[in-house]
Amino acid sequence: MKFFKLACLGGLLWLTGCASTGIVPGATGGPAASPTAVSAPRTLDAPYTPLIPSGQLQPITPARAASRAVTELAPPADIWERIRRGFGMRNLESDLVLDREQWYSSRPDYILRMTERSNKYLFHIVEELERRNMPSELALLPFIESAFNPQAVSSAKAAGMWQFMPATGRYFDLKQNAFRDDRRDVLASTRAALDYLQKLYGMFGDWDLALAAYNWGEGSVGRAIAKNKRAGLGLAYTDLTMPAETRLYVPKLQAVKNIVSNPQAFNARLPLIGNHPYFQTVDIKHDIDVALVAKLAEVTVEDFKALNPSGGSRPVILAAGTPQILLPWDNAIIFQSNLKDFNGGRLASWTVWRAPSTMNPAEVAKRVGMTEAELRMVNKIPPRMVIKGGSSLLVPRPTQLDADVAVHVADNGQLSFSPDVILKRTLIKARKKDSVAKMASRYRVSAASVAEWNNVSAAAVFKTGQKVVMFLPVRAKSLVQTKSASKKQSASKQARRKAGKPTRLAKQP
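All values reported here derive from a predicted model rather than from experimental measurement.

Bringing the overall build of the protein into the picture now. Helix and strand content of the protein: 21 helices and 10 strands. Relative to its full complement of 509 residues, the protein shows a buried share of 41%. Pairs at least 24 residues apart make up 73% of the contacts formed inside the protein by residues separated by at least 6 positions. Working note: accessible area of the protein is about 28,500 Å², and carbon and sulfur atoms make up 55% of it.

Turning our attention to the nonpolar core. In terms of nonpolar packing, the biggest core is built from 69 residues, with Trp80, Trp162, Phe164, Leu197, Leu211 and Tyr214 touching the most fellow members. Contacts of Leu197, omitting those with residues within four sequence positions, involve Met134, Leu138, Leu141, Trp207, Leu211 and Tyr214. One finds Val316, Ile387, Leu393 and Val409 within the second-largest nonpolar core, a separate group that totals 24 residues.

Contact geometry for helix α4 (residues 95–105) and helix α5 (residues 108–117): axes closest at 6 Å, N-to-C directions at 85°. Here α4 is positioned roughly perpendicular relative to α5, judged by the angle of their axes. Here α4 contributes Trp103, Tyr104 and Ser105 to the contact with α5, which in turn contributes Pro108, Tyr110, Ile111 and Met114. By residue class, the composition of the contact of α4 with α5 is 6 nonpolar, 1 polar and no charged.

Attention now moves to unusual backbone geometry. Phi is mostly negative for residues that are not glycine, and the peptide bonds are mostly trans. Although it is not a glycine, Phe148 adopts a positive phi angle of roughly 60°. Relative to the assigned elements, Phe148 resides in the loop between α7 (141–145) and α8 (166–171). Even without glycine at this site, Lys380 takes up a positive phi of about 50°. In this structure, Lys380 sits in the loop between α17 (372–379) and β6 (385–387).

Summarising the element assignment, Arg100 is placed in helix α4. In this structure Arg100 touches Leu248, Pro251, Lys252 and Ala255, once residues within four positions along its chain are discounted.

Next up on the list: the packing of aromatic side chains. Per the counting criterion, the structure on display carries 11 aromatic pairs. Centroid distance Tyr171 to Phe172: 5.0 Å. Interplanar angle 75°. Geometry classified as edge-to-face. When its relative accessible area of 37% is taken as the criterion, Tyr171 is described as partly exposed. For the ring pair Tyr201 and Trp207, a centre distance of 4.4 Å and an interplane angle of 25° mean the geometry is stacked. Here Tyr201 and Trp207 have matching classes, each one buried. An aromatic cluster of three or more residues is present, and its members are Phe164, Tyr171, Phe172, Tyr196 and Tyr214. Above the face of the Tyr237 ring, Arg247 is positioned so that its terminal group lies 5.7 Å from the ring centre. Across the ring face of Phe87, the terminal group of Lys257 is positioned such that the distance to the ring centre comes to 5.0 Å.

Moving on to the pattern of salt bridges. This model, assessed by the stated rule, comprises 17 salt bridges. Where Glu81 meets Arg84, a salt bridge forms, and the shortest distance between an N and an O atom there is 3.4 Å. Of this pair, Glu81 and Arg84 both sit in helix α3 (residues 79–85), separated by 3 residues, roughly a single helical turn. Glu130 serves as the salt-bridge partner of Arg82, at 2.7 Å between the closest nitrogen and oxygen. You can see Arg82 sitting in helix α3 and its partner Glu130 sitting in helix α6 (residues 122–131), a full 48 residues away along the chain. For Arg82, a relative accessible area of 11% gives the class buried. With a relative accessible area of 26%, Glu130 lands in the partly exposed category. One continuous salt-bridge network, built from bridges that share partners, spans Glu81, Arg84 and Arg85.

Take helix α13 (residues 290–297) next. For α13, the buried fraction is high: 6 of the 8 residues fall into the buried class. All of the buried residues along α13 are Val290, Leu292, Val293, Ala294, Leu296 and Ala297. Structurally, α13 contributes buried residues whose contacts are with β2 (288–289), α14 (301–307), β3 (316–317), β4 (324–328) and α15 (329–341).

We now examine the pairing of β4. Judged by how many residues are buried, β4 sits mostly within the fold: 4 of 5 residues are covered. When strand β1 (residues 279–283) meets β4, the two strands line up antiparallel, connected through 5 bridges. The partner of Thr281 across the bridge, within β4, is Leu326.

In the predicted model, the protein carries a mean pLDDT of 85, and 79% of its residues have values of at least 70. Counted against residues more than four places away or in other chains, residues 12–45, with its pLDDT under 50, gives 67 contacts. Counting interchain partners and residues more than four positions distant, the pLDDT-below-50 stretch residues 503–509 has 4 contacts.

This part takes up the pairing of strand β7 (residues 392–396). Among the 5 residues of β7, 4 are classified as buried, and the element is accordingly described as predominantly covered. Pairing of strand β5 (residues 350–354) with β7 involves 5 bridges; the strand directions are antiparallel. Looking at the pairing, Trp350 lines up with Pro396 of β7.

Definitions and cut-offs
- Residues numbered from 1 in each chain as written.
- Predicted model: local features only at pLDDT ≥ 70, side-chain atom pairs only at ≥ 80, totals over all residues.
- Heavy atoms only, no water.
- Helix = DSSP H or I, 4+ residues; strand = E, 2+ residues; numbered from the N terminus.
- Buried < 20%, exposed > 50% of the residue type's maximum accessible area, 1.4 Å probe, protein only.
- Contact = heavy atoms within 4.5 Å.
- Areas by Shrake-Rupley, 256 points an atom, 1.4 Å probe, with all protein chains shown as cover.
- Core = buried A, V, L, I, M, F, W, Y, C linked by side-chain atoms within 4.5 Å.
- Axes fitted to C-alpha atoms, helices over the stretch in contact; angles between N-to-C directions.
- Parallel < 35°, antiparallel > 145°, perpendicular 65-115°, else oblique.
- Nonpolar A, V, L, I, M, F, W, Y, C, P; charged D, E, K, R; others polar.
- Phe/Tyr/Trp six-rings, centres within 6.5 Å; stacked < 30°, edge-to-face > 60°.
- Lys NZ or Arg CZ within 6 Å of the ring centre and 35° of its normal.
- Salt bridge = Lys/Arg side-chain N within 4 Å of Asp/Glu carboxyl O.
- Pairing = 2+ DSSP bridges.
- pLDDT = per-residue confidence, 0-100.

And the structure:
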């Protein structure tokens with residue numbers, strides 16, 4: 001009997017050790033620090049390594065086991081229940097939270113559209129958060145950032161459902177080239193966003209401050225904390241002086257959290273989103289048209305782009321740069337089967353062409369066998385722009401070309417433009433009391449340039465009637481037309497002289 005008791009005690013201790021594998025939401029790097037204990041942020045110079053759990057499992061003592069959350073035996077009924085179970089951030093209670101609750105609850109249609117759009121992405125985000133031991137409230141952040149629209153672009157050029165600025169995206173290895181923008185990519189942008197949020201939590205030790213830094217920038221939050229520390233003021237999120245957008249940022253997230261916690265209390269209806277994967281990855285071995293992928297997968301082009309938004313409106317997937325695509329779970333199997341049986345010719349009808357020199361779109365279109373309108377649409381060429389030499393453009397694939405686009409082109413191709421203008425040397429008579437500054441202002445050039453062109457100081461005043469040298473922008477097309485007209489006029493004058501006819505005087509301006 002004594003041996004039996006010892007065996008039972010040993011088994012209990014073994015089970016206690018196994019309990020350390022449970023996930024405690026919000027416990028990344030330890031519990032959230034007290035607002036009054038926020039330390040100065042650490043430097044950002046060093047490269048960041050994601051804090052993803054790894055290595056062997058470690059046993060825990062019985063005393064520590066008592067403080068751990070107990071995993072429920074019944075699985076969550078849907079993704080919303082799973083998110084609720086993973087809440088790990090402290091609640092914020094303020095008038096701003098009440099204000100945002102009222103704003104959302106007065107717009108039930110908006111909430112429904114936004115949550116329905118999240119159907120494709122929420123499971124993956126929640127999985128990643130749990131894998132990293134992060135609070136599940138962060139799965140709701142794209143509601144605030146972009147209303148879960150991966151194609152969203154802000155006025156400040158932030159893009160994707162996590163709204164990365166170009167420079168921040170590059171820091172977190174989100175490629176941005178002529179053929180894809182990984183700030184919009186579902187997998188890559190989620191990885192980068194969670195890396196960034198973990199980094200910010202490591203700097204500030206507080207999720208509210210980490211979220212403020214995600215919105216406002218870690219430097220700005222760090223300076224606000226330092227300023228309050230010097231003044232002997234509080235160091236919590238609510239104590240800092242910050243822009244209105246950042247002041248509302250955490251209250252918005254708290255309001256959405258409250259609505260998800262109890263939708264009936266806020267006149268909201270959440271769509272049923274199953275607690276299972278929506279998509280799976282599929283390897284791409286060769287360049288393939290987007291329309292063909294959608295056809296073989298038996299999905300609409302719109303649904304395909306919703307899962308693969310990094311390519312924007314581009315009509316082709318370059319396998320060297322995008323070796324994987326996302327497809328709805330069942331459609332991925334359909335696609336692979338249909339692709340295997342496909343015998344309808346080549347997979348891609350587009351390739352990449354590099355401009356040998358700076359050219360206008362009409363010249364490029366003529367050379368590659370496209371209409372100018374189609375070239376502009378496919379490559380998103382803005383009006384009144386020329387294409388710089390070395391730029392990579394999508395063009396129709398010649399019938400004799402079998403090779404796919406090379407890795408270095410697909411991964412690094414850039415498309416650059418310059419204004420369709422050139423500077424023309426022009427002599428202009430100065431008016432009474434015209435100065436360098438007045439001339440510069442009138443013709444929208446810098447005073448330093450006017451001074452340099454005329455070899456005078458920036459404070460100089462021109463004499464009335466003095467000829468002032470100006471280099472003014474003229475559209476290349478207009479200049480060509482002017483030169484052509486000038487040549488015709490010169491030829492006409494010569495013909496008249498030979499015929500003994502007087503030349504007509506040009507009209508004076």
